[in-house]
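Examination of the molecular architecture
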Amino acid sequence: MPRRKLPPQTPWTNSPDDVEAAFYEALSSGNLDALMALWSEEDEICCIHPGGQRLDGQAAIRESFAQLFVNGGLQINAEVQNRWHSMTSAAHSVVERVPLDVDGQPQWGFVLATNLFVQTAAGWRIVLHHASPGAPQAPLAAMAPTDVLH
C-alpha cells in the first residue's frame, strides 16, 4: 500500500484510504500517538489482534499497541482486497503480509483484517480493526466444513 501522509484534520477533507495508509505507516514507525489519533474518540471503538481478545475503548486499544511497539514498529505489508464506501462509513478487507523467521528461514505470515471507518466531525476515523491469522487466498471450497466458524 503506498504510504501517504494524513491531510490536515479538518472535516470532510480526508478519506478512509488516507486514514488506512496513515494507520499502516504508524504501525511501521511504531508511532503510538499518530496511530491513536486515527481512531474515533467514541467509546464504542474496538480492536481484535490476531488470536487476541476483543479490546474496547481508547485506553485498552492504546495499551495493546503500546505493548506491540515495545521493540519498535511492525513490518506489515497491507493490500486492500475489497472496499465498500458510503457517505458516512466504509469497510475495507485487507490482507496483511508479515515477515517471519521460521527456524532461521524467512517466510511470510498472513493476517486477514477488516478495517471499519466512520465520518466524524473531525474527518474519517477508525472504529474497528479486526485481524485474524489466515492465508492470502484461502478458497472456501478448499476448507473442511469444520474450518468455517460462521
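Structure: above.
Predicted model, so just to flag it, every value in this text is computed and none were measured.

1. Focus: the nonpolar core
Phe 23, Tyr 24, Leu 27, Leu 35, Trp 39, Ile 61 and Phe 65 are the most contacted members of the largest nonpolar core, which totals 28 residues. Elements represented by at least two residues in this core include exactly α1 (16-29), α2 (32-37), α3 (58-68), β3 (77-85), β4 (89-102), β5 (105-120) and β6 (123-134). Counting residues per element, this core draws most heavily on α1, at six residues.

2. With respect to the sheet that holds β3
The strands making up a sheet are joined through hydrogen bonds of the backbone, oriented either antiparallel or parallel. Here we have six strands laid out as an open sheet, ordered β2-β1-β6-β5-β4-β3, and mixed in their pairing. The open sheet has two edge strands with one neighbour each: β2 (54-56) and β3. Adjacent strand axes in the sheet meet at a mean angle of 20° when their direction is disregarded. In terms of strand pairing, strand β1 (residues 46-48) meets β2 through three bridges, oriented antiparallel. Following the sheet pairing, Cys 47 is matched in β2 by Leu 55. The strands that α1 touches are β3, β4, β5 and β6; relative to β4, the one it contacts most, it runs at about 20°. Packing of α3 onto the sheet brings it into contact with β1 and β2, and relative to β2 it is tilted by some 125°.

3. Thoughts on α3
Among all positions of α3, only Ile 61, Ser 64 and Phe 65 are buried. All buried residues of α3 project into a common sector of 95° when viewed along the axis, lining one side. Exposed residues pointing more than 90 degrees away from the buried face of α3 are listed as Ala 59 and Gln 67. Structurally, α3 contributes buried residues whose contacts are with α1, α2, β1 and β2.

4. Some details on the pairing of β5
With 14 bridges joining them, β4 and β5 adopt antiparallel strand pairing. When the sheet's bridge partners are listed, Asp 101 is paired in β5 with Pro 106. Hairpin connection, β4 to β5: the antiparallel pair is bridged by two residues, and Asp 103 has positive phi, about 55°. Across eleven bridges, the pairing between β5 and β6 is antiparallel. Paired with Ala 113 across the bridge in β6 is Ala 131. In this structure, the hairpin formed by β5 and β6 is closed by a connection of two residues.

5. Some details on the environment of His 49
Checked against the element boundaries, His 49 lands in the loop between β1 and β2. By relative accessible area, which is 15% here, His 49 ends up buried. Ignoring anything within four residues of it in the chain, the contact list for His 49 reads Leu 55, Ser 64, Phe 65, Leu 68 and Ala 131.

Reading the values: rules and limits
All residue numbers here refer to positions counted from 1 along the written sequence of the relevant chain. The model is predicted, so local features are restricted to residues of pLDDT at least 70 and side-chain atom pairs to those at 80 or more, both for listing and for counting; the totals for chains, interfaces and linings are taken over all residues. Just so you know, side-chain values use all the structure's heavy atoms and leave hydrogens and water out. The definition of a nonpolar core used throughout is a set of buried Ala, Val, Leu, Ile, Met, Phe, Trp, Tyr and Cys residues joined through side-chain atoms within 4.5 Å. Under the scheme applied here, a residue whose accessible area is under 20% of the maximum for its type counts as buried, over 50% as exposed, and between as partly exposed, the area being computed with a 1.4 Å probe on protein chains only. Numbering of helices and strands runs from the N terminus; a helix is a DSSP stretch of H or I covering at least four residues, while a strand is a stretch of E covering at least two. In short, DSSP must find at least two bridges between two strands for them to pair. Each axis is a line fitted through C-alpha atoms, and for a helix only the stretch in contact is used; angles between axes span 0 to 180 degrees, taken between their N-to-C directions. Working rule for contacts: check all heavy atoms of both residues, and any pair within 4.5 Å makes them a contact. Throughout, the arc means that of the directions going from the helix axis to the C-beta atoms.

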